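Structural characterization, general
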Amino acid sequence: MKTERLFLVDIVVADRLRAVSETKVSALKASIAEIGLRTPVTVSATPDGNDWSYRLVAGAHRLEALRQLGEEFADCFVMEGDDDDAALWEIDENFARAELTDAQRADHHVRREEIMIRKGLVKDAPKGGRPGNLDKLSKYSAQAASEFGVDERTIRRDLARGKKIDADVLAEVSGTDLDKGVVLDELASTPKPDQRAKLAEIAERRSTVRPAPDPLNDPEAHEKQLSGLMSAWNRAAAVVRQEFLLRIEEPVFDNTSAGAS
C-alpha cells in the first residue's frame, strides 16, 4: 500500500460506522499542530474517467482535525480493492483504535462476518442449524476471538445481539444512554417487529426512575443525612453512657462487714 499526499477536497467522506467526536478532534488538533500528523489517513482509490476518486476508509477524526486547522493536504495510505475491502479495513481499525460501545461492537461483528463470508475468509453457517445458536454456526467467533485476543463467548454474545436486533433499532440505540448490554439483551429477546415499541418502553421506564439525591447538591437530602448521622451518634453515646453507669453503680463488696458476721 503506497502513501500519497492528497488534497483534502479530493477525499470523499461517505457514511461512517461511527460519528466523529468533537472532543477527539480537538485533542488531535492540538497534537497535529505541535508534532504534525504521525499516522496518515487511509483512502481507497477507484478509477474515475481519466482520473482517480478517493474515498475515506479510516481516519475521519484525523481528517476533520486537518480541515479545522486549515490544512490543504493530507498524507494518505492509498489502498486498492473493492468496497468490501474498504469496509473491512474501517471495521478493523475501529476495533484496533476505538473504544466501541456494546451496540457498535454488535453491529461491527455482524458486518465483519458478512464480509468475511463473502470473501471466503471464514466458512458460512451450515444449513439446518438450530435458530437459538445462530451465533455459533460459523467459525467466525473462534477466528475473531483469536484475532482480537478476547474470549470467544464475548464475540458470540456481540454477534448474537447484532443478528437478533433490527439494524435500524440497533443504530438508534448506538451511542445513547440506552447503549448498554442489559438493554440490548432485552431487545434481542423481543421479536424484531416489536423491538421499536420495546425500545420506547425501556426508554420510558428508565426516564421515570428517579436518581438518588446527591447530598452535596440537595440541601434537604443533606439535612436528612446529617439528622440520621446525629441520631446514630446519640444512640451510640446512650449505649456507652448506660454501660458506664452500670459499672459505677455495681455494689462494692465490704470485706469488713463480711468479717464481722
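That block above? That's the structure.
Residues numbered from 1 in each chain as written. Predicted model: local features only at pLDDT ≥ 70, side-chain atom pairs only at ≥ 80, totals over all residues. Heavy atoms only, no water.

**What to know about the environment of A103**
- Its place among the elements puts A103 in helix α4 (residues 102-118).
- Once the C-alpha coordinates of A103 and A171 are considered, the two residues, 68 residues apart in sequence, prove to be 7.7 Å apart.
- Ignoring sequence-local partners within four residues, the contact set of A103 consists of L170, S174, D179 and L184. (Helix = DSSP H or I, 4+ residues; strand = E, 2+ residues; numbered from the N terminus. Contact = heavy atoms within 4.5 Å.)

**With respect to the packing of helix α3 (residues 83-97) against α4**
- Where α3 meets α4, the closest approach of the two axes is 10 Å, and the angle between their N-to-C directions is 145°. Here α3 and α4 pass one another in a crossing that is left-handed. Residues D84, A87, L88, I91, D92, N94 and F95 of α3 form the contact with α4, whose participating residues are R105, H108, H109, R111, R112, I115, M116 and R118.
- In the contact of α3 with α4, the residues fall into six nonpolar, three polar and six charged. (Axes fitted to C-alpha atoms, helices over the stretch in contact; angles between N-to-C directions. Left-handed = near helix turned anticlockwise from the far one by under 90°. Nonpolar A, V, L, I, M, F, W, Y, C, P; charged D, E, K, R; others polar.)

**What about the sheet that holds strand β1 (residues 2-7)?**
- Spatially, β1-β5-β3-β4-β2 is the arrangement adopted by the five strands of the open sheet, whose pairing is mixed. Every interior strand has two partners, whereas the edge strands, β1 and β2 (11-12), have only one.
- Sheet topology places β2 next to strand β4 (residues 51-58); two bridges connect them, and they run parallel. Looking at the pairing, I11 lines up with Y54 of β4.
- Against the sheet, helix α2 (residues 60-68) touches β2, β3 (41-48), β4 and β5 (73-79), its axis set at about 115° to β4. (Pairing = 2+ DSSP bridges.)

**Digging into a nonpolar patch on the surface**
- A grouping of L226, L229, M230 and W233 is seen on the molecular surface, where their side chains present a nonpolar patch of about 460 Å² in accessible area.
- Mapped onto the fold, W233 is located in helix α10 (residues 219-248). (Patch = residues over 30% accessible without salt bridge, like charges linked within 9 Å, V, L, I, M, F, W, Y side chains within 5 Å. Areas by Shrake-Rupley, 256 points an atom, 1.4 Å probe, with all protein chains shown as cover. Salt bridge = Lys/Arg side-chain N within 4 Å of Asp/Glu carboxyl O.)

**Thoughts on the packing of aromatic side chains**
- Applying the stated criterion across every chain yields a total of two aromatic pairs.
- Ring geometry for F7 versus F73: centroids 4.5 Å apart, planes at 35°, classification tilted. Placement of F7 in strand β1 and of F73 in strand β5 is noted, with a sequence separation of 66 residues between them.
- Residue class for F73 comes out partly exposed when judged on its relative accessible area of 31%.
- Summarising the aromatic geometry, the rings of F95 and F148 are spaced 4.7 Å apart at their centres and angled 40° between planes, so their arrangement reads as tilted. Of this pair, F95 sits in helix α3 while F148 sits in helix α5 (residues 140-148), placing them 53 residues apart in sequence. (Phe/Tyr/Trp six-rings, centres within 6.5 Å; stacked < 30°, edge-to-face > 60°. Buried < 20%, exposed > 50% of the residue type's maximum accessible area, 1.4 Å probe, protein only.)

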